[in-house]
Structure formats: C-alpha cells, structure tokens
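# Structural overview
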Amino acid sequence: MIGQKTKIFFYQMGLKTLPVLICLILTMAGCNGGGGDGSSDTAPDEEENVSETYSISGTVSSAEHMVTDSDVNDPNAAYSTNNSFAAAQEISAPVTVSGFVNVDNTGRLLNGDRFAVHGDDNDYFLVTLTTGMYITLYMPENPKRAGLNLYLYDESRNLVDVSLFSGEAVDSLMVSSEGTYYVRVEAVSDRFIQTITTYALTMGLTKTTTNHYSLGLRNDFVPGEVLVRCQQAEERSVSASGTHVPDLSAMGFHTKAGAAGRDRLLQRSDLLDKDTFFENLGVQSALKRSLASGNMTAETRQKMETLWMIRALRNQSGIEIAEPNYIRKTFSTTPDDPYYTYQWHYPLINLPEAWDITTGSSDVVVAVVDTGVLLDHPDLAGQLVDGYDFISSTDISMDGDGIDDDPDDPGDQEGVGGSSSFHGTHVAGTIAALTNNMADGEEGGVAGIAWNVKVMPLRALGYGGGTTYDIMEAVKYAAGLDNVSGIILDDPVDVINMSLGGEIATEYEREIYAEARAQGVIIVAAAGNEGSDTKMYPAAYDDVVSVSAVTIDKTLASYSSYGETIDVAAPGGSSTDINGDGYTDGILSTMGDDSGDSIEMGYAFSIGTSMAAPHVSGVVALMKSIYADMTPDIFDILLAAEYLTQDIGNIGRDDSFGYGLIDAYKAVLIAQEGGSGGMPAVVSVSPANLNMVVSSESPTQSTTVTVKNSGGGDPTVTDFYSDVAWMSVRASDVDANGLGTYTVAVDSTDVSNGTYTGTITFESESNSAEVSVVMQVGATTNATDGGYHYILLLDPDTLTTVSLVSGAGEDGIYEYNFSDLSYGETYVVYAGTDVNNDGFICDDAEACGAYISLDGPVEITVTKNMEHMDFTTDITISLPTTNTSQFATTPTPIQLNSTPSAPVQLNVLKEGQNDGS
C-alpha cells in the first residue's frame, strides 16, 4: 500500500501545497505539450528526426488483491449496487477495497455525481474469512465531516460485531472463526456528521496498530452504563479553553456512581422514554438505521443502544472520555481436587536462594486489585495495610452496600453453597503470606514470596466480575491519584497486581495506567487464560507487565495466553501430578470456603495466569526492598536484558514466555547491584519488531534498526546474525563498540508465497537483544479489479496534462498509448482512479501510480517509440501521524481538469484523448 512514499515524491518535486494541474482539453491556454523543444539536445545528423512523431505506450496493472467498490461515484465506472445483503459484492480475501459512500443530499448535481440526491449510504461485501483475520477500515476524510460504521454479520445475517465511528482514522474487527461473512460499511448521518467520503477496506492477517478505542459488541460490558470524564469539574460551566461542558442531567442521564468533578458512571434516566432520550442525543434516526439490518438478540440490541449513547457523548463538546463500563474477570482455573500441600512453584523460580538475600521490606506495598481479601485469614494477619472497597453497584457487591473503606471479601457467589472464588485472598497469599509463622501445636500455613512486604487489598470484583469504572478507581487510589473515595495517598504503592482482564482496549484505562506508571508504580497483570494469542487487557498495554503461565515442567500451560505482548512467564500450574505427590500441580495459597453456613479459612490451590502474575509481583517487591529507586523503566530494561529470568523457550524473547521464566535469585542479585549505585550494561535494539512485505515483482526489501546502550557501563556488540537464510543483517553506521545503525534485508526469491518469521540477534558481553521479523510474500495469480482508471501524460516542468487515456481495463490491466509526440520531448506518466468524482486522482483511498513507481518516478525522453513503459497502481492509505485522531498528510492529488468552475464530464472524449481500448 502507498501513502508516505507518495507524499515524499511530491515534496521532492517542490509541490508541498499545490496540486498537480492536469488539463483535459489540449487547446486550453497553458496546455502546450511537452517540456522540451528538441532543439538544444538534437545533434546535426539527427535533425531529420524532428519532423517525425513517436509514441509512449505500456501497461498499467492494479496491485494484487485490489478491488474497487462496485458503486463508486465516478459516472464513467461500471455500476452495480451493493447496498443490501441480497446485492452484496462478492470478494475474496486477502483484499484491499477502494470504496465510496455518502448520505442523501451530500453530492453535487453540477458535477455529475451519481448519488447527489439519493445517497449511497451502505456498501455490503460477501467474503470468506479465516480465523484471526482482521477487517480494517481506513477513513481518509476529516472526521468532523465524514464518519463510517463497520459491521460484521455471519452467513445467516446475524450481527457478530460492530465498530461504530468514534472520530478515529482507523477501525478494525477481528474474525474469531472461519466462515462466510457479510461486511457492511455505513455512512454516518446524524446531528453531528453528514458523510460523503472515500474509504479503504482491508481484510487479511495483518492488523494496523493504532491508538484506537473502538466501540464494539464482542466484548463484555454493562448494557446501559457509560463511563464519562468531563473536561471541566462542574457542569454548565466554561473551561479555560472556552469549551462548554454539557449538562448531562438535561440530556437525560442519571449519575449512578461518581459525582460532578469526578469520573462518573451514567445511565439513562427513568424520567425519559427511550425515543426521546436518543432524540435529545441527536442520534435517534442514525440508531434506527444502524439496527435495521440483520438479526440480533435483545441483549445485542441493548448493547448497540449503549454504544450509540457513547458515540453521541463523544461528539459533545466538553466530554473528554466516554466509554462502556467493561466487565473484567479473574483468570484462575479451579481444578477438581482442591488440596495440595507443597509449593513446588517457589523452587522453580529459585526463590529459596533469593530468601538468603532478602525476604522483603515492610516499607514496600503491593496493591491487589481483586475480589478483596479475607481480612481474618490467619496467614494474612499483620500482612495487610488499610485498603478500600470500590464496588459501586449493589448488584455485584454482595455486601449490601457500595463504595466504602471495608475491602473484606464476602464472597462472589449467591446463596449458601455458592463456592466463592476468594480470588484476591489466594493472590495476596502468594505475594506475602506469613512465613515461618508456625505456633506451638499449630499446623502452620503457606509461605509467601515476600514475607515482610505489605499487601493493600482493593476490592473491585464481585458477583460476575467487575467493571472498568470500579477497577480503575482502585488503580487510581493505589497510585495516589484523585479517585472517588476522596482519599489521595501521600505515597503510591510500589506494585499493583492485576489478576484480571478482558479483550477490549480502552483509552480510559490506557491513560490511567500511564498515569500510575508515571507515579513510579510497576503494574503486573495476568496475560489471560484464552490459550491463544488474543490480547487481553490490561496485560497487553505498553505500561503493564504481561505474565504468561508455565507448568511444573517449565512448559507453557495449555490455557495460558501468548503472543507479542507477553513480557515474562511465571508458575501458573496445571491439572497434572508430575511430581507424583498425589496432588494436582496447582498453586497453593490462602483460601476461604463458603460452601457451608459461614466462611471457613483455609488453603487450596488454583490454576491460571491469575496465579502466575502474583509470583512476578512478589519478586518485584523483593527487588524494591533492596533497590528502592528502581523505576518501571529500569525494571523493563533489566527484564529485556534477561537479568531477571531463565531463558526457557527459544533463545531470546519469544511469544510464549516473553523474556523467560522469572528467576527470583537473579532478580534480587541485580537489584543488589542497582541498590548499591551500579547498573549493568544493557544492549537494546529498536524497533524490536519488523514486518516486511514482498512479492514476485519486488522480492527484496530492507530497513534499519538501531542498537544502543540502555544501561550503565560501556558494552560492545560482539556478534550479530540472522537465524534464517532469507534474511541478512549488516552494520551501516556504528561506532567502535558496534552501537549504531544496522540494515536488515529480506529476499523472497527462493521461497514460495506465505508468511515467514525470523530473528536478528545482537550479542554483547552483557546480554543479547533481538529483533523479530515477519516477511509476507504475496501471490501474483489472483485477478484484480482496479476500477475505472485515468492514465495521464504530463509535462514534467509545468505538470499540466498533455494527453489522457481512460478505461475500465480487464482484470486490473490497462493498456495505454500516447501518440503524435515529438522527438526530444520529456514526459512523466501517472495513473489512478477518481472514485469520489471530485476531478482528482490519487486522493487517499483511491488508486494511484506512476512510471516507474510513485516513490521513484522517471522522466521519459522521446527518442523513438517508447514501449513497455509498464507500472502498477495501488490504493493510497495514509495513517494517523499521532496517537490522536488527526490525519497524516495525504498523497498530493492530481487534478483531472484545470478549470474547477467548469467541471469536465469525464465520459465525453475530448480532442487528443485515446479511447483506452
């Protein structure tokens, strides 16, 4: 795909602000043909050639897997409606679609728009997709005047997922199972937006990573509830920037939790009927259109209504954040046999050796955001500092009230015999249960990782899990940030353990975790029990340490999530008995039992990444006990350098174990070194991941990476190498120690189509650093439909049009021939589509190309009949340049007529044009 390269070319040509003017009528003033007159360059014996004429000819080919929407706005393009399930356009994946949609009365009558009055508000596509594919929608227009919704339906037209337009440039949905699907792109029409826009739609295995917080159905959230942050403390006021903060009550919202001046949990007021409520929000008609297609359950409909509430709020001035109240759940797995008396998981991470150095300091506090803790458990007595209960809803609190200062765990199941998880108690015991605490005549309990460290219980999970609002209030409390309790800690905790999560990323959470990290808090989270590479949050956020789970034999647990965001592994257990002690190989810790009339204190084992995370939190607490100045950044550097782990998977970082299995002994040893004022040398490389796309036409590609010292000392790169034959690495610009820039190159000449992975390793005397590389080799046999193309012969000096060829081509192939050209004249050739009928080719989401290529256009000087001037076009896509919804500079469009006041009807051949056949 093309975007940035196109922009670079036009900058080189000196056209940073002006479009290239292309004249259609040769008799028009200023459209005077080629830039050279042939006199100065013509030798005396060549003068006889001046009177002859020549041609430039060749073939334009659409990029592989490129398809054009069957009902674009260009009146020259073939037309076939795809505005319904019955008329869905059949395509095959992988694919990139160049499309156009608009709502009623947004077109231009005088410009010959097909949809000037009656809009083209929906495009439907029928496609077979495989598990793990992504459907990504790129919206190039300014979001203030254009927006699109993306829907996914199964073959029976049941709504599977949706991403409602939220002001971002990119939307994406993931396919969870193989099958035939309908993909719908809808033009947004409501009080805020009247859409007319081009778009690009890709379907394939690659997801564009953006800072995007979509509004989707697939994830679990509380229907009818909205989490809101206003820009100003009080409503009906004006912020410092002059922004009016909306009156949420007048809009029909009821505050369920929080208050003015704080983050708030909202729901629709009972005083307003639903139609009036959505009419007040300005989205009633848009909501009805959104719900009109396909089939959905009552719950799905309620969730869709919630998403539209949020979309409306996001368009309100003064609203900083509006998001669903997502449900987060624990990641523990309960085996059949509930008892296990040996903690095999501690020797596995060399914890006994670490205890010879430190058993922790009471100055270090680990917050456990979970179900609360059984405060009366004998093995936690004296191990706790004051905590808080942040569960705001009595529907899930199980203690009969809302937010208060009592984090005691009443259980998370209804009724006697409910068998509650007491999940937080188990996690807290792993981190800091009393150790060496056997009294005379007592059996004793279990050991914790950091004996003397304190645990702060923060209750945010209850019956059925917990919500985003409650969990994040607990995180804010632990980090010393303003929160609903009204208490701001003078000293933030050192570590926050999050043995919980869900599939959706949110802007609200990301910002708060970033704020907590900025407070110096190291946040550790369970990677998830999906047994797949599905990202789970908060573990997958950049500011959080993601922990996968291993079994007693140091293999990845079958339930453990894995993937590119895994940072480290720790014991999580399994339903086996490999050590033959008669008990399941689970993680033993403190527990309660409410299957009877009261809660009995005891011990039990559990299995899951929820159990793995507190192992890492406990080890971090030991490190902080002797290295108080260790920051989250320093911890990340030490982890990436493998100073804290055993390398149990592939050499270096891998997607199963991250940087390896946490090693408590290595961790406290390096913490000792840091605490005494020294930091080891650490070589790091960026970027750490590369994605290289090649094809049979362009089988090679290269890029650069930078190797640097991220620690102390003076490290030297002793070796660097690739582990696969199709990839090489060489030093480009390095110093005497081998630090600097290296070039990574891939070559697909000797491999077939498909996706390949490899690793570049940089070794030093202190550590090794790696770059993971993916090479995607594309097929060349699939026919394409590039849409109606315009091929332009341009004067390279004035960039006016000398001649134009247009046509529909065949299977994405377009032949062109520009004749009657004089000897010695010089031209450039461009081609592209005009799907929005604005008189320009090479707009974002339209096809665009140049001879030889857009990033390396070549001037053609006529000395004979210039044949085989072949090149390709591809769909231009420009991605956001920042983490906001601002858009990147798009490729410079090429104008199809030089007189905007008198638009040219492109379906009428002009003098000097060829017919494109």
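Everything below is about the structure shown above.
An account of the accompanying structure is given in this report. (Residues numbered from 1 in each chain as written. Predicted model: local features only at pLDDT ≥ 70, side-chain atom pairs only at ≥ 80, totals over all residues. Heavy atoms only, no water.)

## A short note on the overall build of the protein chain
The criterion, for reference: Strands are runs of DSSP state E lasting at least two residues, helices are runs of H or I lasting at least four, and both sets are numbered from the N terminus onward. Whether two residues are in contact is decided by their heavy atoms, any of which lying within 4.5 Å being enough. Using the Shrake-Rupley algorithm and a 1.4 Å probe, accessible areas are obtained, with residue cover drawn only from the displayed protein chains.
Helices and strands together make up the secondary structure of the protein chain, namely 14 helices and 48 strands. When contacts within the protein chain are restricted to residue pairs at least 6 apart in sequence, long-range pairs at least 24 apart make up 74% of them. Carbon together with sulfur atoms contributes 46% to the accessible area of the protein chain, which is approximately 35,800 Å² in total.

## Quick notes on unusual backbone geometry
Note the threshold: For each residue, the accessible area found with a 1.4 Å probe, counting protein chains only, is set against the maximum for its type, and the residue is called buried under 20%, exposed over 50%, and partly exposed in between.
In this model, S686 is joined to P687 through a cis peptide bond whose omega is -10°. Mapped onto the elements of the fold, P687 is located in the loop between strand 32 (683-686) and strand 33 (689-694). In this structure, I852 follows Y851 across a cis peptide bond, with omega equal to 0°. Structurally, I852 is set in the loop between strand 45 (847-850) and strand 46 (860-861). One non-glycine residue, N837, lies in positive phi territory at about 60°. Looking at the secondary structure, you find N837 in the loop between strand 43 (826-832) and strand 44 (840-841). Within the chain, A845 stands out as a residue other than glycine whose phi angle is a positive 75°. With respect to the helices, strands and loops of the structure, A845 is situated in the loop between strand 44 and strand 45. Assessed through its relative accessible area of 2%, A845 is described here as buried.

## Some words on the side chain of N102
We apply this condition: Think of a polar contact as two N or O atoms within 3.5 Å of one another; within protein, one of them needs to be a possible hydrogen donor and the other a possible acceptor, and neighboring residues in sequence only count if both atoms come from side chains.
Here N102 shows up in strand 5 (residues 95-102). When its relative accessible area of 0% is taken as the criterion, N102 is described as buried. Of the polar contacts made by the side chain of N102, one reaches the side chain of T106; its length is 3.0 Å. Discounting chain neighbours no more than four positions away, the residues touching N102 are G107, F115, G119, D120, D121, A187, T195 and I196.

## Side note on the state of the cysteines
Just so we agree on the cut-off: A pair of cysteine sulfur atoms is labelled a disulfide when the two atoms are within 2.5 Å.
Scanning all chains against the criterion turns up 1 disulfide. At a sulfur-sulfur separation of 1.9 Å, the disulfide partner of C842 is C848. Its S-S torsion of approximately 80° makes the covalent link between C842 and C848 right-handed.

## So, the sheet that holds strand 39 (residues 768-777)
Stated precisely, the cut-off is as follows: When DSSP finds at least two bridges between two strands, those strands are taken to pair. All axes are obtained by fitting lines to C-alpha atoms, using only the stretch in contact for helices, and the reported angles, taken between N-to-C directions, cover 0 to 180 degrees.
Read from one edge to the other, the open sheet built from 4 strands follows the order 33-39-38-35, with strand pairing classed as mixed. A single partner strand is all that each edge strand has here, and the edge strands are strand 33 and strand 35 (717-722). Direction aside, neighbouring strands of the sheet carry axes that sit 20° apart on average. In this structure, strand 33 lies alongside strand 39, joined through 6 bridges in parallel fashion. Across the sheet, V693 pairs through a bridge with Q776, a residue of strand 39.

## Some words on the pattern of salt bridges
Heads up, the rule is: By salt bridge we mean one thing: a side-chain nitrogen of Lys or Arg within 4 Å of a carboxyl oxygen of Asp or Glu.
Under the definition given, this model contains 20 salt bridges. Ionic pairing is found between R184 and E186, a salt bridge with its closest N-O pair at 3.4 Å. Neither residue differs from the other here; R184 and E186 are each classed as buried. Here R311 and D190 are joined by a salt bridge, their closest N and O atoms 1.7 Å apart.

## Details of the pairing of strand 39
In the sheet, strand 38 (residues 754-764) pairs with strand 39 via 10 bridges, with the strands oriented antiparallel. Within strand 39, the residue paired with E763 across the bridge is S768. In this structure, the hairpin formed by strand 38 and strand 39 is closed by a connection of 3 residues.

## Focus on the environment of L375
Position of L375 relative to the elements: it lies in the loop between strand 19 (365-370) and strand 20 (388-389). Judged by relative accessible area, L375 falls into the partly exposed class, the value being 32%.

## Structural notes on helix 13 (residues 632-640)
Spelled out, the test is: What the arc measures is the spread of directions leading from the helix axis to the C-beta atoms.
For helix 13, the set of buried residues is P632, I634, F635, L638 and L639. For helix 13, the arc enclosing every buried residue in end-on projection is 160°, short of the 170-degree limit, so these residues lie on one face. Following helix 13 by one or two positions, E642 adopts a phi angle in the positive range, close to 65°.

## Observations regarding helix 10 (residues 468-478)
With 11 of 11 residues buried, helix 10 lies mostly within the body of the structure. What helix 10 keeps buried is the set T468, Y469, D470, I471, M472, E473, A474, V475, K476, Y477 and A478.

## Some words on the packing of aromatic side chains
Inclusion rule: Within 6.5 Å between ring centres, the rings of Phe, Tyr and Trp (the latter by its six-membered ring) count as paired, and their orientation is classed by plane angle as stacked under 30 degrees, edge-to-face over 60, tilted in between.
Per the stated rule, a full pass over the model turns up 24 aromatic pairs. On the basis of an interplanar angle of 85° and a centroid distance of 4.9 Å, the ring pair of F85 and Y153 is categorised as edge-to-face. Of this pair, F85 sits in the loop between strand 3 (66-68) and strand 4 (89-90) while Y153 is found in strand 8 (residues 148-154), placing the two residues 68 residues apart along the sequence. Residue class for F85 comes out buried when judged on its relative accessible area of 11%.

## Quick word on the side chain of S57
Relative to the helices and strands, S57 is located in strand 2 (residues 53-62). The buried category is assigned to S57, whose relative accessible area is 17%. S57 has contacts with Y816, N817, M866, E867, H868 and M869, leaving out every residue within four places of it along the chain.

## Structural notes on the nonpolar core
Heads up, the condition is: In these notes, a set of buried Ala, Val, Leu, Ile, Met, Phe, Trp, Tyr and Cys residues joined through side-chain atoms within 4.5 Å is what counts as a nonpolar core.
L351, M623, F635 and L644 are the most contacted members of the largest nonpolar core, which has 66 residues in total. Here the element with the most residues in this core is helix 12 (residues 609-626); it accounts for 9 residues. Every residue in contact with L351, bar those within four places of it in the chain, is listed here: Y346, I449, L622 and A664. In this structure, A257, L265, A478 and A540 belong to the second largest nonpolar core, which totals 41 residues.

## Things to note about the pairing of strand 16 (residues 264-268)
Residues in a regular strand project their side chains so that they alternate between the two faces of the sheet. Two strands pair when backbone bridges link them, and strand 14 (residues 221-230) and strand 16 are joined in this way by 4 bridges, in the antiparallel orientation. Bridge pairing in strand 16 places V226 opposite L266. Note: strand 15 (residues 253-257) against strand 16, 4 bridges, orientation antiparallel. Counterpart to H254 in the pairing with strand 16 is Q267.

## Some thoughts on the packing of helix 3 (residues 274-281) against helix 5 (residues 298-314)
Threshold: We call two directions roughly parallel when the angle between them is under 35 degrees, roughly antiparallel when it is over 145, roughly perpendicular when it lies between 65 and 115, and oblique otherwise. With the far helix as reference, a near helix turned anticlockwise by less than a right angle produces a left-handed crossing, and one turned clockwise produces a right-handed crossing. Here the term charged refers only to Asp, Glu, Lys and Arg, the term nonpolar to Ala, Val, Leu, Ile, Met, Phe, Trp, Tyr, Cys and Pro, and the term polar to all other amino acids, Gly among them.
Contact geometry of helix 3 with helix 5 gives a least axis separation of 10 Å together with a crossing angle of 30°. The angle between helix 3 and helix 5 falls in the class roughly parallel. Read as a crossing pair, helix 3 and helix 5 show a hand that is left-handed. Residues K274, F277, F278 and L281 of helix 3 form the contact with helix 5, whose own contacting residues are E305, W308, M309 and A312. Among the residues forming the contact of helix 3 with helix 5, the class breakdown is 6 nonpolar, no polar and 2 charged.

## Things to note about a negative patch on the surface
This is how it is decided: Surface patches are defined over residues having more than 30% relative accessible area and no salt bridge, joining like charges when they lie within 9 Å and nonpolar side chains (Val, Leu, Ile, Met, Phe, Trp, Tyr) when within 5 Å. When charges are counted, Lys and Arg are positive and Asp and Glu negative, with His and the chain ends excluded. Positions of charges follow a simple convention, taking NZ of Lys, CZ of Arg, CG of Asp or CD of Glu.
There is a patch of like negative charges on the surface, built from D386, D401, D405 and D406. Relative to the helices and strands, D405 resides in the loop between helix 8 (394-397) and helix 9 (423-432).

## Some details on the sheet that holds strand 8
Taking strand neighbours across the sheet as the criterion, the 6 strands line up as 4-6-11-8-9-13 in an open arrangement whose pairing is mixed. At either end of the open sheet lies a strand with only one pairing partner, and these are strand 4 and strand 13 (215-216). Where strand 8 lies against strand 9 (residues 159-164), 4 bridges are found, and the strand directions are antiparallel. Bridge pairing links Y151 to V162 in strand 9. With respect to the sheet, helix 4 (residues 284-292) is in contact with strand 8, strand 9 and strand 11 (179-187), its orientation differing from that of strand 11 by roughly 160°.

## What to know about the packing of helix 10 against helix 11 (residues 507-518)
At a minimum axis separation of 10 Å, helix 10 and helix 11 run at an interaxial angle of 10°. Judged by the inter-axis angle, helix 10 sits roughly parallel to helix 11. Where helix 10 approaches helix 11, its residues T468, M472, E473, V475 and K476 are matched on the opposing element by Y508, E509, I512, Y513 and A516. Among the residues making up the contact of helix 10 with helix 11, the classes are represented as 6 nonpolar, 1 polar and 3 charged.

## Overview of the environment of S392
Mapped onto the elements of the fold, S392 is located in the loop between strand 20 and helix 8. The sequence separation of S392 and L265 amounts to 127 residues, and the corresponding C-alpha distance is 9.3 Å. Apart from the residues within four sequence positions on either side, S392 is in contact with A257, L265, G402, I403, Y469 and D470. Among the polar contacts made by the side chain of S392, one reaches the side chain of D470 at a distance of 2.8 Å.

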